[in-house]
Amino acid sequence: MTDKFDKVPDDADPSPAASVSKEGGDIPPEAIKAIPIRHYGRWVSGVVVLALVGLLINAFASAEKIQWKAVGDYVFDSTVLAGAGRTLLISVLAMIMGVVLGVVLAVMRLSKNPVTSWVAWVYIWFFRGTPVYVQLLLWFNLALIFPVLNLGPIYKDEMVDVMTPFMAALLGLGLNEAAYMAEICRAGLMAVDEGQTEASHALGMSHAKTLRRIVIPQAMRVIVPPTGNEFINMLKTSSLVYAVTYNELLRATSTIGSRSYAVMEMLFVACIWYLVMTSVFSVFQYYLERRYARGSTRNLPPTPWQKIKANMLGLGSERGV
């Protein structure tokens with residue numbers, strides 16, 4: 001058994017009086033002086049960026065040929081509001097079509113049946129490989145190839161009556177979006193561990209039941225966030241239906257601009273409404289991603305209000321120091 005020795009320097013005074021001041025009290029530890037690091041580069045870059053932004057704003061504000069009063073007069077015009085509503089309608093319907101068909105195509109791609117897998121691959125290859133603008137024109141001019149839509153005893157009518165601007169816009173946007181959603185859904189399905197499928201099969205569940213109750217619910221964590229991003233992109237892509245004479249937001253503002261000779265002003269109005277719609281749905285997308293990140297990240301990303309609060313508290317603490 002070894003004795004325990006306190007390691008005391010040779011020149012240290014072992015007497016208790018060494019740790020006591022002359023007044024008889026303990027010597028308090030010296031306070032640590034924390035000196036914050038000065039980030040001068042951040043301040044300089046911030047000032048430069050704000051100066052450039054100010055010059056850009058001043059250039060547009062002082063432009064004599066821009067009638068800003070017309071922007072304010074037409075931003076809530078009934079024709080513009082109706083166009084914005086049609087933009088939102090065609091975007092929602094096309095996105096629903098794209099999601100539903102995309103899930104079907106993703107399942108077909110992952111199928112062991114070579115025929116269904118090949119058909120899904122060709123579909124995705126064609127619609128991702130051709131511009132959506134060209135696809136819209138193809139649907140709109142389909143009557144040049146098939147003058148009559150003949151479905152036998154079910155339905156028969158002239159193609160020009162069937163392929164209206166709304167239908168051409170819906171098919172052009174929806175079928176194109178389905179190709180991208182198929183790849184997103186396929187990535188989500190493949191992200192689920194194969195052990196989940198093997199365990200469900202061991203319990204006697206069929207392939208369809210496994211896909212419906214086991215795989216798809218877990219794949220939603222990967223599928224939902226990029227789907228929100230695709231919808232925001234759909235809001236902007238919907239401006240291409242201007243080519244098939246569908247009276248959405250861009251066409252409504254362009255019609256007013258050509259009639260009132262306020263072309264640039266009406267384009268600004270269109271930009272305002274596109275920014276409003278994309279900003280609103282971007283907030284929903286952020287909280288949707290935050291919700292589905294609960295199972296994959298330990299600490300959820302802060303909300304915008306939490307970021308602002310943290311920055312304000314950080315700025316206040318620096319000033320206090």
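Attention here is on the structure that accompanies the text. (Residues numbered from 1 in each chain as written. Predicted model: local features only at pLDDT ≥ 70, side-chain atom pairs only at ≥ 80, totals over all residues. Heavy atoms only, no water.)

### Some details on the nonpolar core
Among the nonpolar cores identified, the biggest contains 52 residues, and V80, Y123, L173, V241, V244 and L249 are the most heavily contacted of them. Among the secondary structure elements, those contributing two or more residues to this core are α3 (78-109), α4 (114-129), α5 (132-140), α7 (165-191), α9 (207-237), α10 (249-260) and α11 (263-292). Examining the composition of this core, we find that 13 residues originate from one element, α7, more than from any other. The contacts of L249, once residues within four sequence positions are left out, are V80, G83, A84, T87, A270, W273, Y274 and M277. (Core = buried A, V, L, I, M, F, W, Y, C linked by side-chain atoms within 4.5 Å. Buried < 20%, exposed > 50% of the residue type's maximum accessible area, 1.4 Å probe, protein only. Helix = DSSP H or I, 4+ residues; strand = E, 2+ residues; numbered from the N terminus. Contact = heavy atoms within 4.5 Å.)

### Focus on the packing of aromatic side chains
Considering all chains together, one arrives at 10 aromatic pairs under this definition. For the pair Y123 and F127, a centre-to-centre distance of 4.4 Å together with 35° between the ring planes defines the contact as tilted. Here Y123 pairs with F127, and both are found in helix α4, just four residues apart, close to one helical turn. With centroids separated by 5.1 Å and ring planes inclined at 90°, the aromatic side chains of F126 and F127 adopt a geometry described as edge-to-face. Given a relative accessible area of 10%, F127 falls into the buried group. Each member of the aromatic cluster is reached from another via a ring pair, and the members are F60, W68 and F268. Seen from the ring of Y242, R251 lies directly overhead, with NZ or CZ sitting 5.3 Å from the centre. (Phe/Tyr/Trp six-rings, centres within 6.5 Å; stacked < 30°, edge-to-face > 60°. Lys NZ or Arg CZ within 6 Å of the ring centre and 35° of its normal.)

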